[in-house]
Amino acid sequence: MNTALDSTSKPLKLPRSIPFPGARVPVRLVTDAKMIEVAGELVDGLWQSANQTIYLRKAMSPEDREEALYHEMHHAVTDMEWAARVRRGQGLLERVKEVEACSSTSPVLMPKET
Ligand SMILES: [Zn+2]
């Protein structure tokens, strides 16, 4: 059986969008120039909460795209969780701690090798 954890399986075929509760999140494969335009710098992936869209660099290998997709999905989930907490008026301190934890461990946020 092929699963996401099967190391012999092929890289995931990227979905055009991902269903989240309340909305489908578009997944856009973009050029480096477009990524710099939307992110302000060249990064492998971006979750843009303003338009609820995930951007991935087209230039990455399929394996890297897959990994970046899961990373950005995590940001989307965290953002949506935060929005739900804000609606209930709670959770700011916990959210700040989570963001700090992500920035210190995220490979996507680390400087690119040249
Ligand atoms: Zn990140």
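What counts, and at which threshold
Residues numbered from 1 in each chain as written. Predicted model: local features only at pLDDT ≥ 70, side-chain atom pairs only at ≥ 80, totals over all residues. Helix = DSSP H or I, 4+ residues; strand = E, 2+ residues; numbered from the N terminus. Buried ≥ 20, exposed ≤ 12 C-beta atoms within 10 Å, placed from the backbone. Contact = placed C-beta atoms within 7 Å. Core = buried A, V, L, I, M, F, W, Y, C linked by C-beta atoms within 7 Å. Pairing = 2+ DSSP bridges. Axes fitted to C-alpha atoms, helices over the stretch in contact; angles between N-to-C directions. Expected span 1.5 Å × (residues − 1). pLDDT = per-residue confidence, 0-100.

A. Summary view of the overall build of the chain. In terms of helices and strands, the chain carries three helices and four strands. Listed by position from the N terminus, the elements making up the chain come as β-β-α-β-β-α-α. For the chain, with 114 residues in total, the buried portion stands at 10%. Contacts spanning at least 24 positions in sequence make up 49% of the contacts within the chain whose residues lie at least 6 apart.

B. Highlighting unusual backbone geometry. Despite not being glycine, glutamine 52 shows a phi value in the positive range, around 50°. Along the chain, glutamine 52 falls in the loop between β3 (45-48) and β4 (53-57).

C. Just the nonpolar core, in detail. Met35, Leu46, Ile54, Tyr55, Leu56 and Ala68 together form the largest nonpolar core, which totals six residues. With three residues, the single largest contributor to this core is β4. In this view, methionine 35 contacts Val30, Leu42, Val43, Leu46, Tyr55 and Arg57; residues no more than four positions away in its chain are not counted.

D. Structural view of the sheet that holds strand β2 (residues 23-30). Taken together, four strands build an open sheet; the order of strands is β1-β2-β4-β3 and the sheet is mixed. Single-partner strands in this sheet number two, and they are β1 (17-20) and β3. When strand polarity is set aside, the average angle formed by the axes of neighbouring strands in this sheet is 20°. Relative to β4, β3 runs antiparallel, the two sharing four bridges. Its bridge partner lying in β4, glutamine 48 is registered against threonine 53. Its contacts with the sheet put helix α2 (residues 62-88) on β1, β2, β3 and β4, and the angle it makes with β3 is roughly 20°.

E. Up close: α2. Along its 27 residues, α2 runs 39 Å from first to last C-alpha, staying within 8% of the 39 Å computed at 1.5 Å per residue. By the burial criterion, the buried members of α2 are Arg65, Ala68 and Glu72. Against the buried residues of α2 lie β3 and β4. Looking at the residues trailing α2, positive phi occurs at glycine 89, about 75°.

F. Region of the structure containing the pairing of β2. Sheet analysis places β1 next to β2, joined by four bridges and oriented antiparallel. Looking across to β2, one finds that proline 19 is bridged to arginine 24.

G. A look at the confidence of the model for the chain. Here the chain shows a mean pLDDT of 83. Residues at 70 or above account for 75%. The spread of mean pLDDT over the elements of the chain runs between helix α3 (residues 92-105), the lowest at 67, and β4, the highest at 98. Confidence drops under a pLDDT of 50 for residues 107-114, and excluding neighbours within four residues, the segment shows seven contacts in the predicted structure.

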